[in-house]
Amino acid sequence: MCTVITPNTPELNTLTGIESQQHAAVSLSKQGPSVLITGGHSRDLKSNTLDNQLFLGRTQSGQQQPAHTWTIPLVEGEFRGTGCTFASAIAGYMAQGFTLDKSIEQAQIFMLHTLTKAYTLRSGQQIPNRSTVTL
């Protein structure tokens, strides 16, 4: 059992077999958890942003539209570990007693800080620097 799952677009498609993000998220949220579709794989390069969309689980709402959409700035570069960092930050804020919405908002701020301080081990994608930021 969980409160929220945080799939990116490819993970959402794999979990449901449904191409439409909205229909896939609604399908998953009917099973219980809220679904936060993370936007790293569907970036808007014209505005240099991405959208994270929250669909509330069946115990919280019967709605078919996203409960909330956050548009956040992109940090330039290619990164490894952003999904697990983001999900862990959300869990950390929820453990501190924040609501789901507020936890997501705070986790997004946390992510921006970790990405602006990211580092590379030899070659490859950058790794979010989680040690310089506190929850």
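The structure under discussion appears in the preceding block.
Residues numbered from 1 in each chain as written. Predicted model: local features only at pLDDT ≥ 70, side-chain atom pairs only at ≥ 80, totals over all residues. Heavy atoms only, no water.

Student: Please provide a residue-by-residue account of the side chain of T49, values included.
Tutor: Residue position: T49 is located in strand β3 (residues 49-55). Its relative accessible area of 16% is what places T49 among the buried residues. At 2.7 Å, the side chain of T49 forms a polar contact with the side chain of S47. (Helix = DSSP H or I, 4+ residues; strand = E, 2+ residues; numbered from the N terminus. Buried < 20%, exposed > 50% of the residue type's maximum accessible area, 1.4 Å probe, protein only. Polar contact = N/O pair within 3.5 Å; in protein donor to acceptor, adjacent residues only side chain to side chain.)

Student: Talk me through the environment of Q53; I want residue IDs and the actual numbers.
Tutor: By secondary structure assignment, the location of Q53 is in strand β3. The partly exposed category is assigned to Q53, whose relative accessible area is 21%. Along the chain, Q53 and T6 lie 47 residues apart, while their C-alpha atoms are 9.7 Å from each other.

Student: Describe the nonpolar core, naming the residues involved and giving the relevant values.
Tutor: With 20 residues, the main nonpolar core has L36, L54, F86, I90 and I104 as its most contacted residues. Here this core gets 6 residues from one element, more than from any other, and that element is helix α4 (residues 100-116). In terms of nonpolar packing, the next biggest core, distinct from the first, is built from 8 residues, L12, A24, V35 and F55 among them. (Core = buried A, V, L, I, M, F, W, Y, C linked by side-chain atoms within 4.5 Å.)

Student: Which residues make up the packing of aromatic side chains, and what are the values?
Tutor: Remark: the centre distance and the inter-plane angle together describe each pair of aromatic rings, the angle taken between the planes. Applying the stated criterion across every chain yields a total of 1 aromatic pair. Ring centres of Y93 and F98 lie 5.5 Å apart, and the angle between their planes is 80°; on these two criteria the pair is classed as edge-to-face. (Phe/Tyr/Trp six-rings, centres within 6.5 Å; stacked < 30°, edge-to-face > 60°.)

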